[in-house]
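Tertiary structure, described
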Amino acid sequence: MAINSRAAALGRDGEDIAVAHLESQGWQIIERNWRCPSGELDIIAWDGAAGAIVFVEVKSRSSVAFGEPVEAITWRKLAKLRELSILWLRVHRPRVREIRLDAIGVLKPRSGEPELTHLRGISA
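We now turn to the structure provided with this report. (Residues numbered from 1 in each chain as written. Predicted model: local features only at pLDDT ≥ 70, side-chain atom pairs only at ≥ 80, totals over all residues. Heavy atoms only, no water.)

This part is about the overall build of the chain. Counting its regular elements, the chain contains two helices and five strands. Going from the N terminus to the C terminus, the chain shows its helices and strands as α-β-β-β-α-β-β. By its C-alpha atoms, the chain is 45 × 30 × 25 Å across when sized along the principal axes. Counting across all 124 residues of the chain, residues that qualify as buried make up 35%. Counting only contacts in the chain whose residues sit at least 6 apart along the sequence, the fraction spanning at least 24 positions is 55%. With the model as given, the accessible surface of the chain reaches about 7,600 Å², and the carbon-plus-sulfur share is 50%. Looking at the chain, you have 18 positive and 16 negative side-chain charges, and the mean spots of the two groups are 6 Å apart. (Helix = DSSP H or I, 4+ residues; strand = E, 2+ residues; numbered from the N terminus. Buried < 20%, exposed > 50% of the residue type's maximum accessible area, 1.4 Å probe, protein only. Contact = heavy atoms within 4.5 Å. Areas by Shrake-Rupley, 256 points an atom, 1.4 Å probe, with all protein chains shown as cover. Lys, Arg positive; Asp, Glu negative; His and termini not counted. Charge placed at Lys NZ, Arg CZ, Asp CG, Glu CD.)

Turning our eyes to something else, we now look at helix H2 (residues 75-92). Between its first and last C-alpha atoms H2 spans 26 Å; for 18 residues at 1.5 Å apiece the expected length is 26 Å, and the two agree. Residues Leu78, Leu81, Leu84, Ser85, Trp88 and Leu89 constitute the buried set of H2. For H2, the angular spread of buried residues about the axis comes to 140°, placing them on one side. Opposite the buried face of H2, at more than 90 degrees from it, the exposed residues are Trp75, Arg76, Arg90 and Val91. At the C-terminal side of H2, Arg93 shows a positive phi close to 45°. (Expected span 1.5 Å × (residues − 1). Arc of directions from axis to C-beta.)

Bringing the layout of surface pockets into the picture now. Considered as a void within the structure, the second largest pocket measures approximately 170 Å³ in volume. Contributing to the lining of the second largest pocket are Ala7, Leu10, Gly11, Glu15, Asp42, Val58, Lys59, Ser60, Arg61 and Ala72. The set of elements that each furnish at least two residues to the lining of the second largest pocket consists of helix H1 (3-24) and strand E3 (52-61). (1 Å grid on protein atoms, 1.4 Å probe; cavity = no way out; pocket = protein on both sides within 12 Å on 5 of 7 lines; lining within 4 Å. Points joined across faces, edges and corners; volume = space filled by probe spheres on them.)

Given below as structure tokens:
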């Protein structure tokens, strides 16, 4: 398998793991991989306990050789996530009072169980 297809498979697996985690918390998945000309949002979900729409960025890695997965979310990426979240809200116009940006890091080594880190309310 080529490096790009391995990376794509790791990304898909990481998102599937993240969705399973969120659903196990009672969250409702509104949309996955929402795309527009400006970019993509990985997961949009409803956190009923918080009464919030949550935009979730998922980062997956097979090792920590280059750092933890969530460390890949730079201030530039965070700014892009904010921009994309606003675009999604403009298109869908949900009636909510709370919105939040979360990050989920999935460490999925070639052998062993995946490890998940969920950071709520990320900001720069």
